[in-house]
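Chain residues, written in single-letter form:
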Amino acid sequence: MSDHSNDLRETVRERYAAAAVQVTEGGAACCGPQPVEVDDNFGSTLYAADERDTLPAEAVAASLGCGNPTAVADLHAGERVLDLGSGGGIDVLLSARRVGPTGKAYGLDMTEEMLALALANREKAGATNVEFLKGAIEAIPLPANTIDVVISNCVINLSTDKPAVFAEMFRVLAPGGRIGISDVVADDRLTPGQRAERGDYVGCIAGALSFAEYREGLAAAGFTDIELIPTHAVADGMHSATVRAAKPATTPEAAARPPAPAANAGSCCGGSGCQTHESGACAGRDRGEGRPPARG
């Protein structure tokens, strides 16, 4: 990673760490946590009142996104969900309720202060099917093919290596999995310089991809059924948008694999107990992966 990219990442980290501290200190005051200052295009007002009212006040106050990805993703009971850049945990906690006790909601964030706030919010919410992980969205610390839905709320714009983010989303999704993302996207007519003129990088404007660039990036990573729909303007030529796409149920890699030998075809162990090369722990070890996260 270049020095410029490192500097931008540190700037983002410092901004979100300060936001977490602001919310935490406000929560300890007599009047409760105050929302981090954002305009009407960002923050907790983009969630329905009945959603906000069921969550810890600190989770709501720390919301800095540009949409509601839990609604975009159309979550179902039993699904495994991963939120990239989970912050104070608002989208993870909402996801956990939607997938229920048979599902699991993961939150990934690089900021210690936000993770601490999210863990506190998890305890206040009594969410037992939630796990928060520390890491970068360009290198997700989960095994391949173990997540049903990836969500994110105005965070991918903050990455200086978006192709890596798209590739990582595709890797961790199980075949047939999908993404449901809220993000800022630029009109195709705007150059990177013109996008930068409309706002700073930390504010999610300067780092925005255009609609065409977003589609091309997702397609290059292997996604299909790509859909980008603008929802509201955040600056001239810049939009909050919903982004949906799917990982094919059968990937080219899987289709190219030779069929597993039949259990009665002279295999080493025979019977139904034989573990093929591509199942269980063997597959994970061959690809340098750990055990997949369990449901529930």
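Residues numbered from 1 in each chain as written. Predicted model: local features only at pLDDT ≥ 70, side-chain atom pairs only at ≥ 80, totals over all residues. Heavy atoms only, no water.

### Overview of the overall build of the protein
Turning to step 1, where the next piece is worked out: For the protein, the helix and strand inventory stands at eleven helices and eight strands.
Turning to step 2, where the next piece is worked out: Here the protein holds 296 residues, and the buried ones make up 50% of them.
Turning to step 3, where the next piece is worked out: A separation threshold of at least 6 residues defines the contact pool for the protein, and within that pool the share at least 24 residues apart is 71%.
Turning to step 4, where the next piece is worked out: Entry remark: accessible area of the protein is about 13,300 Å², with carbon and sulfur atoms responsible for 53%. (Helix = DSSP H or I, 4+ residues; strand = E, 2+ residues; numbered from the N terminus. Buried < 20%, exposed > 50% of the residue type's maximum accessible area, 1.4 Å probe, protein only. Contact = heavy atoms within 4.5 Å. Areas by Shrake-Rupley, 256 points an atom, 1.4 Å probe, with all protein chains shown as cover.)

### What about the pairing of strand E5 (residues 173-186)?
Turning to step 1, where the next piece is worked out: Of all 14 residues making up E5, eleven are buried, and the element is well covered by its neighbours.
Turning to step 2, where the next piece is worked out: Across six bridges, strand E4 (residues 147-153) lies against E5 in parallel orientation. Opposite Ser152, over in E5, you have Ile181 as the bridge partner.
Turning to step 3, where the next piece is worked out: The handedness of the E4 to E5 crossover, carried by helix H7 (residues 162-172), is right-handed.
Turning to step 4, where the next piece is worked out: Across nine bridges, E5 lies against strand E8 (residues 238-246) in antiparallel orientation. Among the inter-strand pairings, Gly180 is bridged to a residue of E8, identified as Arg244.
Turning to step 5, where the next piece is worked out: Pairing analysis gives two bridges linking E5 to strand E6 (residues 209-210), with the strands arranged parallel. (Pairing = 2+ DSSP bridges. Right-handed = clockwise from strand over helix to strand, strands pointing away.)

### Points about the pattern of salt bridges
Turning to step 1, where the next piece is worked out: Counted under the stated rule, the structure contains ten salt bridges.
Turning to step 2, where the next piece is worked out: In this structure, Asp148 and Arg80 form a salt bridge, with 3.1 Å as the shortest nitrogen-oxygen distance. Separated by 68 residues along the polypeptide, Asp148 in strand E4 and Arg80 in strand E1 (residues 80-84) bring together distant segments of the chain.
Turning to step 3, where the next piece is worked out: Arg80 sits in the buried class, given a relative accessible area of 11%.
Turning to step 4, where the next piece is worked out: Residues participating in the shared-partner salt-bridge network are Asp187, Arg189 and Asp236. (Salt bridge = Lys/Arg side-chain N within 4 Å of Asp/Glu carboxyl O.)

### Let's talk about helix H5 (residues 90-99)
Turning to step 1, where the next piece is worked out: With eight of ten residues buried, H5 lies mostly within the body of the structure.
Turning to step 2, where the next piece is worked out: Of all the positions in H5, only Ile90, Asp91, Val92, Leu93, Leu94, Ser95, Ala96 and Val99 are classed as buried.

### So, the side chain of Asn129
Turning to step 1, where the next piece is worked out: Within the secondary structure layout, Asn129 lies in the loop between helix H6 (112-125) and strand E3 (130-134).
Turning to step 2, where the next piece is worked out: On the basis of relative accessible area, Asn129 is assigned to the buried category, the value being 8%.
Turning to step 3, where the next piece is worked out: Here Ala96 takes part through its backbone oxygen, which lies 3.1 Å from a polar atom of the side chain of Asn129.
Turning to step 4, where the next piece is worked out: Asn129 has contacts with Ala96, Val99, Gly100, Pro101, Gly103, Lys104 and Ala105, leaving out every residue within four places of it along the chain. (Polar contact = N/O pair within 3.5 Å; in protein donor to acceptor, adjacent residues only side chain to side chain.)

### What about H6?
Turning to step 1, where the next piece is worked out: Compared with the 20 Å implied by 1.5 Å per residue over 14 residues, the 20 Å span of H6 between its first and last C-alpha is a close match.
Turning to step 2, where the next piece is worked out: Buried residues of H6: Met114, Leu115, Leu117, Ala118 and Asn121, and no others. Buried residues of H6, seen end-on, are gathered within an arc of 160° and therefore sit on one face of the element.
Turning to step 3, where the next piece is worked out: Positioned one or two residues after H6, Gly126 has a phi angle of 65°, which is positive. (Expected span 1.5 Å × (residues − 1). Arc of directions from axis to C-beta.)

### Focus: the nonpolar core
Turning to step 1, where the next piece is worked out: Counting 31 residues, the largest nonpolar core has Leu82, Met169, Ile179 and Tyr214 as its most contacted members.
Turning to step 2, where the next piece is worked out: Elements with a minimum of two residues in this core: E1, strand E2 (104-109), E4, H7, E5, helix H9 (211-221) and E8.
Turning to step 3, where the next piece is worked out: It is H7 that contributes the most residues to this core, five residues altogether.
Turning to step 4, where the next piece is worked out: With nine residues, the next largest nonpolar core counts Val92, Leu93, Leu115 and Ala118 among its residues. (Core = buried A, V, L, I, M, F, W, Y, C linked by side-chain atoms within 4.5 Å.)

### A few points about the environment of Gly135
Turning to step 1, where the next piece is worked out: Position of Gly135 among the secondary structure elements: in the loop between E3 and E4.
Turning to step 2, where the next piece is worked out: In sequence terms Gly135 and Gly107 are 28 residues apart; their C-alpha atoms lie 9.8 Å from each other.
Turning to step 3, where the next piece is worked out: When residues no more than four places from it in sequence are discounted, the contact partners of Gly135 are Leu108, Asp109 and Met110.

### A word on unusual backbone geometry
Turning to step 1, where the next piece is worked out: In this model, Asp74 sits at a positive phi of 50°, which is unusual for a non-glycine residue.
Turning to step 2, where the next piece is worked out: Mapped onto the fold, Asp74 is located in the loop between helix H4 (69-72) and E1.
Turning to step 3, where the next piece is worked out: Judged by its relative accessible area of 46%, Asp74 falls in the partly exposed class.
Turning to step 4, where the next piece is worked out: In this model, Asn145 sits at a positive phi of 60°, which is unusual for a non-glycine residue.

### Quick look at the packing of aromatic side chains
Turning to step 1, where the next piece is worked out: Throughout the structure, instances matching the rule amount to two aromatic pairs.
Turning to step 2, where the next piece is worked out: For the pair Phe166 and Tyr214, a centre-to-centre distance of 5.4 Å together with 45° between the ring planes defines the contact as tilted. Residue Phe166 is located in helix H7, and its partner Tyr214 is located in helix H9; the two are separated by 48 residues in the primary sequence. Here Phe166 and Tyr214 have matching classes, each one buried.
Turning to step 3, where the next piece is worked out: With a centroid separation of 5.2 Å and an interplanar angle of 90°, the aromatic rings of Phe170 and Phe223 are classed as edge-to-face. A residue pair is termed long-range when its members are at least 10 positions apart, and Phe170 in helix H7 and Phe223 in the loop between H9 and strand E7 (224-235) qualify at 53 residues. (Phe/Tyr/Trp six-rings, centres within 6.5 Å; stacked < 30°, edge-to-face > 60°.)

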